[in-house]
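Secondary and tertiary structure notes
Next come the chains, spelled out residue by residue.
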Amino acid sequence: MARGKLRIYLGAAPGVGKTYAMLSEAHRRVERGTDCVVAFVEHHDRPRTEVMLHGLEHIPRRELEYRDTVFTEMDVDAVLKRRPAVVLVDELAHTNVPGSRNPKRWQDVEELLDAGIDVITTVNIQHLESLGDVVESITGVRQRETVPDEVVRRADQIELVDMSPQALRRRMAHGNIYKPDKVDAALSNYFRPGNLTALRELALLWTADRVDEYLQQYRGEHDIRSTWQARERIVVGLTGGPEGRTLIRRAARLAEKGAGGEVLAVYISRSDGLTSASPKELAMQRTLVEDLGGTFHHVVGDDIPQALLDFARSVNATQIVLGVSRRRAWQYAFGPGVSATVARESGPDLDVHIVTHEEAAKGRGLPVARGGRLGRTRIIAGWLVGVVGPVLLTVLLTSVNTRPADAGPGFANEVLLFLTLTVAAALLGGLLPALAAATVGSLLLNYFFTPPTHTWIIADPANLLAIIVFFAVGVSVASVVDLAARRTHQAARLRAEAETLSFLAGSVLRGEDSLQALLERVRETFGMESAALLERKSEVEPWTCAGSAGTARPIERPADADVDMPVGDNLVLALSGRVLPAEDRRVLAAFAAQAAAVLDRQRLKQEAGQARELAEGNRIRTALLAAVSHDLRTPLATIKAAVTSLRSDDVQWSAEDQAELLASIEEGTDRLDHLVGNLLDMSRLQTGTVTPLIRDIDLDEVVPMALGGVPEGSVELDVPETLPMVAADPGLLERTVANIVENAVKYGPENEVVLISASTLGDRVELRVVDRGPGVPDEAKERIFEPFQRYGDAPRGAGVGLGLAVARGFAEAMGGTLTAEDTPGGGMTMVLTLKTATDHPPVPPDLPAHITS
């Protein structure tokens with residue numbers, strides 16, 4: 001069954017019109033005859049949105065009861081049974097009520113897509129998992145409902161629903177988003193112009209990145225090599241010299257001038273590299289470019305200018321930044337240099353910036369390595385010198401020899417001149433041009449300059465010996481030059497491999513364990529279109545892709561690859577794009593081994609995480625069994641004994657005795673209820689299923705309600721009515737305060753009251769619970785917040801040691817903190833810190849609580 005298509009309407013903040021746009025699309029599809037239904041859409045009492053729901057078929061929601069409240073969620077089973085062509089599902093990041101089919105709504109959507117149903121949904125930028133820290137730094141609010149970025153990236157269509165901050169605030173002021181009583185608080189808090197502008201920029205940039213991914217994929221599929229200047233992408237060519245830092249900073253400034261600019265620093269190693277690079281300098285430049293928000297790339301290429309241009313075009317760059325050459329004036333005799341060559345061959349689609357720096361024209365630190373097999377230009381020059389040169393020299397010498405006999409250079413000098421041409425041909429073109437020069441020179445010497453001339457006969461044996469020595473010397477020189485070129489090429493090749501392997505080793509030392517990043521580095525290093533790591537469990541099972549990189553379609557099996565490097569029996573690194581020479585496979589093998597190691601590390605981390613979870617679960621279960629074995633049995637035994645006594649026919653109990661037994665039953669029941677409640681709360685905290693419903697509340701409304709479990713007169717309240725409201729879940733806050741106060745009363749002296757005071761501290765509100773008990777040493781202050789911990793000689797019947805652990809867990813779930821301090825004069829003070837309401841956007845009271853299962 002074909003997977004359904006996912007369309008997402010992405011917004012920067014609530015109220016920009018995502019749901020309205022989704023409903024408009026639904027009406028368009030219904031008018032075209034598409035079977036489109038509504039599975040879950042929240043209109044939040046917004047009249048215009050509610051009107052858009054008319055005329056669309058609705059699938060009834062499923063009702064679920066939680067905490068004595070009935071909630072409604074999408075009925076996935078009903079949608080699968082109905083099987084429409086398109087279904088509307090609002091609020092992709094929503095957390096389902098416990099008892100639902102899946103914990104998160106995006107998991108419901110994945111199930112519908114797997115069933116072949118197209119889904120249209122909505123999500124805000126602040127709900128993307130990778131942006132949680134960024135959004136919290138902007139708004140001061142930690143988003144607890146998130147959706148994995150990969151789920152959104154896999155969407156077939158992402159449409160940005162945009163609105164200016166001014167227009168959104170006008171909508172808010174007109175009551176089109178929240179209830180009128182919440183408008184003022186929202187406008188002055190979450191919906192401040194600065195917050196909305198930053199969130200809007202975040203949404204635009206994230207969408208632009210996704211569009212860029214689609215563009216790169218399209219260019220790869222259609223083999224488009226020319227640059228499309230959709231956004232500024234600046235490539236910095238590094239040589240490993242000290243001028244690199246200047247170039248990187250210059251490129252960063254250029255990128256800042258254009259919104260969304262990107263900097264890519266690239267170091268290209270080749271047989272005759274730009275210069276002898278300093279590994280320390282390259283490491284510093286890599287750190288610098290990453291600190292400035294750019295990326296560092298290492299590419300192997302035989303032709304520096306061409307490799308640089310190929311890299312720039314492959315990443316769709318718009319500008320290239322290069323430094324002025326460090327060569328001295330006389331060194332330009334060897335060629336125009338990389339900068340001039342890149343500028344000449346860049347074409348109209350790439351701008352080249354040549355930046356001056358302090359190292360310009362100061363000379364290179366080490367001589368340029370001229371290794372590598374001789375280039376085409378030198379080979380052509382060698383053939384010209386080896387074939388045409390002897391002919392021209394013969395013409396010149398023949399014209400000289402027509403003069404009087406004493407005007408000629410003499411046979412010995414003529415041989416030396418021809419030998420000079422042979423050596424020059426060897427130096428320029430290598431072995432074959434030198435052999436040609438020696439052969440042509442020998443024939444011309446024999447025919448034109450050896451008596452008798454103009455014949456192939458050599459009368460004087462000395463002349464014959466001279467020609468033979470001339471030919472032998474020419475061949476010897478050519479062989480030595482060719483051997484030197486081969487050795488230089490091998491040395492340069494080994495140097496390039498060493499540089500590549502050093503970068504690979506550096507990634508291992510830095511602890512980089514991203515398989516995607518490593519495969520991308522493999523693809524860049526060897527100039528491939530795609531790279532993939534394929535694996536299979538056995539020889540009879542099909543290959544699966546453990547990770548891939550590149551714009552081309554991922555490789556599905558080794559037979560489809562241009563290059564494959566096995567790693568063991570069931571793991572293969574596969575590349576597509578071109579066939580690699582045999583000498584490159586040694587470095588590729590190192591990359592393949594590293595990819596296998598990275599994959600193993602990732603899986604070991606997952607297994608270690610699972611093992612930690614199991615160990616923690618076992619520890620909790622062991623402690624729970626210990627608690628059940630005594631602390632829960634004690635109140636049960638008390639209740640059973642009292643009930644048995646009351647039911648006994650052998651004793652006639654007085655009214656006072658009956659009241660005492662009933663009080664024992666009530667006390668045991670309350671104690672049992674408290675213990676079980678703490679156990680269940682700790683279980684929820686350990687599994688991460690506590691998601692509070694944050695609202696704006698007053699402490700003086702919640703704190704008195706938390707004192708029901710302590711004796712009357714044991715607590716003194718000092719909570720000013722002028723305190724600002726706090727952002728908290730009323731139920732969780734009440735449980736937190738109750739556990740703290742009960743713990744303070746339990747360990748405090750009987751004749752001392754516990755003081756509860758509250759005050760503001762910056763943008764926070766502190767609630768302090770002060771007791772005069774024995775206190776806790778500094779080294780034990782953190783340990784008392786661990787589950788199943790009792791301090792000192794607390795009796796077994798004092799509880800299972802969960803009160804403070806639950807209190808801290810609830811406090812952190814609400815974005816607050818709970819710490820222990822010494823009370824001046826003796827005792828302990830528990831400090832509960834909460835965010836003020838100004839740090840949290842108000843939530844409409846009609847929205848249901850979002851609780852994970």
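Refer to the preceding data block for the structure.
Every value quoted in this text rests on a predicted model; they were computed, and no experiment measured them. (Residues numbered from 1 in each chain as written. Predicted model: local features only at pLDDT ≥ 70, side-chain atom pairs only at ≥ 80, totals over all residues. Heavy atoms only, no water.)

Notes on the nonpolar core
Ranked by internal contacts, the top residues of the largest apolar core, which has 60 residues, are Val87, Leu88, Leu112, Ile125 and Val147. Look past the residues within four positions of leucine 112 in its chain and what remains in contact with it is Met74, Val76, Val79, Leu80, Val87, Val89, Ile117 and Val119. (Core = buried A, V, L, I, M, F, W, Y, C linked by side-chain atoms within 4.5 Å. Buried < 20%, exposed > 50% of the residue type's maximum accessible area, 1.4 Å probe, protein only. Contact = heavy atoms within 4.5 Å.)

Some words on the pairing of strand β7 (residues 118-124)
Counting buried residues along β7, six of its seven residues qualify, which places the element largely inside the surrounding structure. Relative to β7, strand β6 (residues 86-89) runs parallel, the two being bridged by four bridges. Note on β7: the bridge partner recorded for valine 87 is valine 119. The parallel pair β6 and β7 is bridged by helix α4 (residues 105-114), and the resulting crossover is right-handed. (Helix = DSSP H or I, 4+ residues; strand = E, 2+ residues; numbered from the N terminus. Pairing = 2+ DSSP bridges. Right-handed = clockwise from strand over helix to strand, strands pointing away.)

Brief notes about unusual backbone geometry
For arginine 83, which is not glycine, the phi torsion reads 50° and is therefore positive. As for its placement among the helices and strands, arginine 83 is situated in the loop between α3 (76-82) and β6. The phi angle at glutamate 91 is positive, at roughly 55°, despite the residue not being glycine. Its location among the elements puts glutamate 91 in the loop between β6 and α4.

A look at the sheet that holds strand β23 (residues 817-822)
Within the open sheet, the five strands sit side by side as β19-β21-β22-β24-β23. Their pairing is mixed. With partners counted over all chains shown, the strands left at the sheet margins are β19 (715-718) and β23, one partner each. The average undirected angle you get between the axes of adjacent strands in this sheet is 20°. Where β19 meets strand β21 (residues 754-761), four bridges bridge the pair, whose relative direction is parallel. Bridged to leucine 717 within β21 is isoleucine 756. Taken strand by strand, helix α22 (residues 730-747) contacts β19, β21, β22 (764-770), β23 and β24 (828-835), and its axis lies near 170° from that of β24. Helix α23 (residues 803-813) contacts β23 and β24 of the sheet and is inclined by roughly 130° relative to β23. (Axes fitted to C-alpha atoms, helices over the stretch in contact; angles between N-to-C directions.)

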